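Single-letter residue listing:
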Amino acid sequence: MREAIANAFPVVVQLFEHMDEAPGVHLNDAWPIMLEAKALYEKELKNCRSSLSSVAWISGTIEKNGLICPLCESKLVRQADPGNKEQVNMELFCRACGEEPTVEATIESSLTEALKGEVYLRIKDAGEDGPQYHCNECDNDTYVDFEGACAVCGHEYGEEDCDRCGDSIPLQEIIDGQHSGLCGYCSYQYDKLMRE
């Protein structure tokens, strides 16, 4: 509830500013409650982020945007041992719903939230995939193309040129490719030749 109030708070303030009115005048007793809820939420969020501040993150996107609970979508995710510095050793729990989500699921949902704007722009502007892909090493949708690594396990696909035609192989074809070292077209040609 505090998180919902804290998230709505800027909108409420902006509406009253737009009307050149003071929120406290119109909201009466609700205004101090909103202020207190926002202050408590901000304090809790700061404590949660502080518990994660010494972690050596694989992904800069996660380091910049923080974690989101995959179960309730709250930002109030913290680690049990604030002294832990290793991403792989984190034990997480959510202060909002009380659950203990896995590191993998938390990173995946956090990436999805952080990158949704970029996904939209790529599809809208160029009809492209990305920036979030499946990682075949850890089986999570946590590979970030512009970081060149999986945010969970650190696996790197790297760039590949097709052994047959020499063209650069798109990342999605590297991940989904049936034949290592071949682009999609050359894989198709190879399969066609094998069927004859």
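Positions within a chain are numbered from 1, following the residues in the order the chain's sequence is written. Selection of residues for local features in this predicted model requires a pLDDT of at least 70, selection of side-chain atom pairs for listing and counting requires 80 or more, and totals for whole chains, interfaces and linings are taken over all residues. By convention in this description, side-chain values take in all heavy atoms of the structure and omit both hydrogens and water.

J.: Is there a simple way to think about the overall build of the protein in this case?
T.: Every helix listed is a DSSP run of H or I at least four residues long, and every strand listed is a run of E at least two residues long, numbered separately from the N terminus. The helix and strand tally for the protein stands at seven helices and five strands. Put simply, the protein runs from its N terminus to its C terminus through helices and strands in the order α-α-α-α-β-β-α-β-β-β-α-α. Each residue gets one of three labels from its accessible area relative to the maximum for its type: buried under 20%, exposed over 50%, partly exposed in between, using a 1.4 Å probe on protein chains only. Across the 196 residues that make up the protein, the buried fraction comes to 34%. Contacts are residue-level and defined by heavy atoms, with any inter-residue pair within 4.5 Å sufficient. Residue pairs at least 24 apart in sequence account for 45% of intrachain contacts in the protein once pairs closer than 6 positions are excluded. Looking at the protein as shown, the accessible area adds up to about 12,200 Å², and 49% of this sits on carbon and sulfur atoms. To be clear on the numbers: accessible area is Shrake-Rupley with a 1.4 Å probe, and residue cover counts the displayed protein chains and nothing else.

J.: Whenever I open this one, the pattern of salt bridges confuses me. Can you help?
T.: Should their charged atoms come close, side chains of opposite charge can pair. By convention in these notes, a salt bridge is any Lys or Arg side-chain nitrogen within 4 Å of a carboxyl oxygen on Asp or Glu. One pass over the full model with this rule turns up five salt bridges. Between Glu118 and Arg122 there is a salt bridge; the shortest N-O distance is 2.9 Å. With Glu118 and Arg122 both in helix 5 (residues 103-126) and four residues apart, the pair spans about one turn of that helix. For Asp145, the salt bridge identified is with Arg122, shortest N-O distance 2.5 Å. Taken together, the positions of Asp145 in the loop between strand 4 (140-144) and strand 5 (149-150) and Arg122 in helix 5 put the pair 23 residues apart, joining distant regions of the chain. Judged by relative accessible area, which is 14%, Arg122 ranks as buried. Ionic contacts of the salt-bridge type, sharing partners, join the residues Glu118, Arg122 and Asp145 into one network.

J.: What exactly am I supposed to notice about the nonpolar core here?
T.: Considering soluble globular proteins, one finds that nonpolar side chains tend to be buried as a cluster. By size, the foremost hydrophobic cluster in this structure holds 30 residues, and its most contacted members are Trp57, Leu67, Met90, Leu92, Ile107, Leu111 and Tyr143. Secondary-structure elements contributing two or more residues to this core are strand 2 (92-94), helix 5, strand 3 (132-135), strand 4 and helix 6 (171-176). A per-element tally of this core places helix 5 first, with four residues. Residues enter a nonpolar core if they are buried and are Ala, Val, Leu, Ile, Met, Phe, Trp, Tyr or Cys, with the set joined through side-chain atoms within 4.5 Å.

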